[in-house]
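Chain by chain, the residues run as shown.
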Amino acid sequence: MKQIAESKGIILFTKDYKEKDKLVKIFTESAGKLMFFVKGAHRKNNPLTPAIMPYTQGVYLGKFNEEGLSFLNAAKEIQPFLKIQQDIFAAAYATYLLTLTDAAIEDRVYDPNLFHFLQQALTLLDEGKDFEIVTNIFEIQILQRFGVLFNWEQCQICGQTQGKFDFSPKYHGLLCERHFLEDKHRYQADPVAIHFIRQFSKVSYQKIQSIHLKPETKKQIQKVVDQLFEEYVGIHLKSKKFIEQMNDWGNILKPTNENEENTEK
Ligand SMILES: [Zn+2]
């Protein structure tokens, strides 16, 4: 991998390095996550500046090293996610998805499926699709990158696939109503929330248009997702905390149509 390489990439984050330079973490399609050193990134009219803005994707060219830092030489086909760059709510959710991706896999692990999944999620946030639904689908489906794989299809005891379900930490999966008593520490989750999480575990982002949820249902879904992450992933991301804080004060700032009653399918 020592030679000059070229790959599509998504900026995960950037940070200042010494006075004039930057470190830029890019999730590349062809070589996984890499940390790039960008010399003189703070210099005015550095041609790389637009390419390394937060919430940007493009094609990145440079020396992709197997150890240590990589080096960025040029970029083309730069596509900023403009709405995300300009909207603090969209940006908060995007930052969370980016940090979650960074946490989920090791650097230099080739994972084009996750790359495309992240790309789709960011595109949807950028289009102003429901931030919470985009994020919950991402959270549920990225669980397996943390080594957590649940069977969302059926009751872990009897294989039932229809009806009400709850999540059981004892059985690491679903229980049908008939077997709720088998785990007294079951999540006591809202069956409607579990219903949607089961959908989210297999839905593709193309179908997201058809999902509309009431605020209360979203709250119940988030509660279960948070329990799952607490119990099985155990990471605490600042970007996630920020979304929670933002939602506490955010209701005052949100555009009014966000509070409209949505129909549920
Ligand atoms: Zn059962």
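Fair warning: this is a prediction, and the values are worked out from it, not measured in the lab.

1. As for the coordination of the zinc ion
Protein coordination at the zinc ion comes from Cys155 (SG), Cys158 (SG), Cys176 (SG) and His179 (ND1), with a distance range of 2.1 to 2.4 Å. Angles of 102 to 116 degrees at the metal separate the 4 donor atoms of the zinc ion, which places the site in the tetrahedral class. Expressed as a motif, the donor residue spacing for the zinc ion is C-x2-C-x17-C-x2-H. Within this pair, whereas cysteine 155 is found in the loop between helix 4 (131-142) and strand 6 (165-168), its partner cysteine 176 is found in strand 7 (residues 173-176), the two being separated by 21 residues in sequence.

2. Here we look at the pattern of salt bridges
Any two side chains of opposite charge can pair, given that their charged atoms come close. Per the stated rule, a full pass over the model turns up 17 salt bridges. Linking aspartate 130 and lysine 218 is a salt bridge whose minimum nitrogen-to-oxygen distance equals 2.6 Å. One end of the pair, aspartate 130, is in the loop between helix 3 (112-126) and helix 4; the other, lysine 218, is in helix 6 (residues 215-233), and 88 residues separate them in sequence. For lysine 218, a relative accessible area of 13% corresponds to the buried category.

3. Notes on the packing of aromatic side chains
In total, this model carries 15 aromatic pairs according to the counting rule given. Taken together, a centroid distance of 5.4 Å and an interplanar angle of 75 degrees make the contact between phenylalanine 36 and phenylalanine 64 edge-to-face. Of this pair, phenylalanine 36 sits in strand 3 (residues 32-38) while phenylalanine 64 sits in the loop between strand 4 (56-63) and strand 5 (70-80), and the two are 28 residues apart along the sequence. Considered together, phenylalanine 36 and phenylalanine 64 belong to a single accessibility category, that of buried residues. Seen from their ring centres, tyrosine 93 and phenylalanine 131 are 5.6 Å apart, and the 40 degrees between their planes marks the pair as tilted. One end of the pair, tyrosine 93, is in helix 2 (residues 88-104); the other, phenylalanine 131, is in helix 4, with 38 residues separating them in the sequence. Summarising the burial analysis for this pair, tyrosine 93 and phenylalanine 131 share the class buried. Here a set of aromatic residues connected by ring pairs shows up, and it is made of Phe150, Trp152, Phe167, Tyr187 and Tyr232.

4. Notes on the UniProt feature "domain: DNA replication/recombination mediator RecO N-terminal" (unreviewed entry) in the protein
On the UniProt side, "domain: DNA replication/recombination mediator RecO N-terminal" (unreviewed entry) is annotated at positions that read residues 4-81 here. A helix fraction of 0% and a strand fraction of 62% characterise residues 4-81, whose end C-alpha atoms lie 27 Å from each other.

5. A word on the packing of helix 5 (residues 191-200) against helix 6
When two helices pack together, their arrangement is given by the angle between their axes and by how far apart the axes lie. Remark: helix 5 packs on helix 6, axes separated minimally by 9 Å, with the N-to-C direction vectors making an angle of 70 degrees. Put simply, helix 5 runs roughly perpendicular to helix 6. For the element pair helix 5 and helix 6, the recorded crossing hand is right-handed. Each of Val192, Ala193, Ile194, Phe196, Ile197 and Phe200 in helix 5 lies in contact with helix 6, whose residues at this interface are Thr217, Gln220, Ile221, Val224 and Val225.

6. Topic: the sheet that holds strand 5
Taken together, 5 strands build a closed barrel; the order of strands is 1-2-3-5-4 and the barrel is mixed. For this sheet the average axis-to-axis angle between neighbouring strands, irrespective of direction, equals 50 degrees. As paired strands, strand 1 (residues 4-17) and strand 4 are joined by 7 bridges and run antiparallel to one another. Paired with serine 7 across the two strands is tyrosine 60, which belongs to strand 4. The strands touched by helix 2 within the sheet are strand 1, strand 2 (21-28) and strand 3, with strand 1 carrying the most contacts at an inclination of about 110 degrees. Across the sheet, helix 3 is in contact with strand 1, strand 2 and strand 4; its angle to strand 1 comes to roughly 60 degrees.

7. Some points on helix 3
With 15 residues, helix 3 should reach 21 Å at 1.5 Å per residue; the first-to-last C-alpha distance of 21 Å fits that figure. Residues of helix 3 that are buried: Pro112, Leu114, Phe115, Phe117, Leu118, Gln119, Ala121, Leu122, Leu124 and Leu125. The first or second residue beyond helix 3 is glycine 128, which carries a positive phi of 80 degrees.

Criteria and cut-off values
Residues numbered from 1 in each chain as written. Predicted model: local features only at pLDDT ≥ 70, side-chain atom pairs only at ≥ 80, totals over all residues. Heavy atoms only, no water. Donors = N, O, S within 2.8 Å, 3.2 Å for Na, K, Ca; no water. Tetrahedral: all angles 85-135°; square planar, octahedral: opposite > 155°, others 65-115°. Helix = DSSP H or I, 4+ residues; strand = E, 2+ residues; numbered from the N terminus. Salt bridge = Lys/Arg side-chain N within 4 Å of Asp/Glu carboxyl O. Buried < 20%, exposed > 50% of the residue type's maximum accessible area, 1.4 Å probe, protein only. Phe/Tyr/Trp six-rings, centres within 6.5 Å; stacked < 30°, edge-to-face > 60°. UniProt positions renumbered as here; feature names shortened; annotations may be inferred. Axes fitted to C-alpha atoms, helices over the stretch in contact; angles between N-to-C directions. Parallel < 35°, antiparallel > 145°, perpendicular 65-115°, else oblique. Left-handed = near helix turned anticlockwise from the far one by under 90°. Contact = heavy atoms within 4.5 Å. Pairing = 2+ DSSP bridges. Expected span 1.5 Å × (residues − 1).

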